[in-house]
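Here is what each chain is made of, one letter per residue.
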Amino acid sequence: MAGIERPGPLYQQVAAAIRQGIADGDFPPGSPLPSEAQLIERYEVSRPTVRNAIAALRSEGLIEVRHGKGSFVKGTPTPPLTIERTVTRSGKGYAPELAEWTQVHEPTVYRTTTTDTTGPLLKLSDGEALFGIDRVLIDPNTGTRALHRLWIPFATADSAPPLAEAPDSAPEEVYAALAAAGHELAWSETVRARMPQADERSALDLPDATPVIHTMRVTHGTDYQPLILEELRTSGSQAQLTYRTTADSPRALRAVPN
């Protein structure tokens with residue numbers, strides 16, 4: 001292949017060409033990349049340029065370097081942890097999927113207000129008062145970490161007195177308090193993947209170039225009014241999500257009886 005002529009530093013051009021080769025299947029998962037000498041000849045660049053390109057691809061998680069053997073394209077193994085995003089119900093109790101996870105430390109509780117992100121999900125104007133509750137969780141089986149954040153509007157807490165007294169109650173206790181206040185609960189959720197912020201990378205102990213899975217779950221009450229909002233952020237390489245879909249509620253993921 002002739003030398004490449006694209007904008008940007010030369011090593012980034014080489015990295016982009018190799019990345020495209022991986023995407024096109026020229027370098028299948030598990031296969032070795034050409035040697036340094038072959039890459040130098042192929043792209044008509046220097047050895048430092050090739051090494052910088054390999055380092056960039058390694059930091060992205062696309063390749064791994066095996067000592068004495070060279071560079072290999074990483075496969076796409078199934079993440080070690082599957083989180084079933086389904087709330088189960090037994091009698092008057094509720095069991096969120098993270099109930100068995102361990103809290104790294106006591107939750108942090110604070111007062112805040114709605115933003116242009118949380119307000120529309122809760123159907124509240126900007127500046128409405130909220131309790132914020134932050135937890136760092138760890139899966140005891142795999143060591144995967146997760147950041148859980150709960151937003152409780154003051155209006156919701158006032159309608160369910162236990163929440164005003166103890167907003168840092170466990171999610172299953174929050175659900176139970178809302179149900180005891182007369183709400184028939186239902187849930188809706190949105191999911192996206194994105195690159196982490198610096199504090200998320202540190203708290204979740206993420207390697208470089210690892211995305212986070214970010215879910216936003218709204219608990220709805222009577223007449224499908226939003227009551228609370230939960231955020232979950234975890235490693236996109238260590239975890240995957242699974243959902244149970246039912247035909248009786250196209251708007252929401254409802255509690256599934258045991």
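Residues numbered from 1 in each chain as written. Predicted model: local features only at pLDDT ≥ 70, side-chain atom pairs only at ≥ 80, totals over all residues. Heavy atoms only, no water.

> What should I look at first to understand the environment of Ile63 in this one?
Following the sequence through the fold, Ile63 ends up in strand S1 (residues 63-66). Residues Ile63 and Val73 lie ten residues apart in sequence; the distance between their C-alpha atoms is 4.4 Å. Excluding residues within four positions of it along the chain, Ile63 makes contact with Ile22, Leu33, Ile54, Leu57, Arg58, Ser71, Phe72, Val73 and Lys74. (Helix = DSSP H or I, 4+ residues; strand = E, 2+ residues; numbered from the N terminus. Contact = heavy atoms within 4.5 Å.)

> I tried to follow the confidence of the model for the protein chain on my own but got confused; where do I start?
The pLDDT averaged across the protein chain works out to 87; a share of 91% of its residues lies at or above 70. Low pLDDT (under 50) marks residues 252-258, which in the prediction has 27 contacts with non-local residues, meaning those over four places away or in another chain. (pLDDT = per-residue confidence, 0-100.)

> Would you take a moment to explain the packing of helix H2 (residues 36-43) against helix H3 (residues 47-59) for this structure?
The angle between the axes and the distance between the axes are what describe a pair of packed helices. Where H2 meets H3, the closest approach of the two axes is 9 Å, and the angle between their N-to-C directions is 105°. Judged by the inter-axis angle, H2 sits roughly perpendicular to H3. Of H3, the residues touching H2 (which contributes Glu36, Leu39 and Ile40) are Arg47, Val50, Arg51 and Ile54. A breakdown of the residues in the contact of H2 with H3 according to their chemical character gives four nonpolar, no polar and three charged. (Axes fitted to C-alpha atoms, helices over the stretch in contact; angles between N-to-C directions. Parallel < 35°, antiparallel > 145°, perpendicular 65-115°, else oblique. Nonpolar A, V, L, I, M, F, W, Y, C, P; charged D, E, K, R; others polar.)

> What exactly am I supposed to notice about the pattern of salt bridges here?
When charged atoms on two side chains of opposite charge get close, those side chains can pair. Throughout the structure, instances matching the rule amount to nine salt bridges. Here Glu189 makes a salt bridge to Arg85, at a shortest N to O gap of 2.9 Å. A residue pair is termed long-range when its members are at least 10 positions apart, and Glu189 in strand S10 (residues 186-194) and Arg85 in the loop between strand S3 (81-84) and strand S4 (88-90) qualify at 104 residues. With a closest N to O distance of 2.8 Å, Glu189 and Arg217 form a salt bridge. Here the residue Glu189 occupies a position in strand S10, and Arg217 occupies one in strand S11 (residues 212-220), the gap between them amounting to 28 residues. (Salt bridge = Lys/Arg side-chain N within 4 Å of Asp/Glu carboxyl O.)

> I keep staring at the environment of Leu124 and nothing clicks. Help me out?
Tracing the backbone through its elements, the reader meets Leu124 in the loop between helix H4 (118-122) and strand S8 (129-138). Classification of Leu124 as partly exposed rests on a relative accessible area of 28%. Remark: the alpha-carbon pair of Leu124 and Pro153, spanning 29 residues in sequence, is separated by 8.9 Å. Contact partners of Leu124, with chain neighbours within four places excluded, come to Thr114, Gly119, Leu130 and Pro153. (Buried < 20%, exposed > 50% of the residue type's maximum accessible area, 1.4 Å probe, protein only.)

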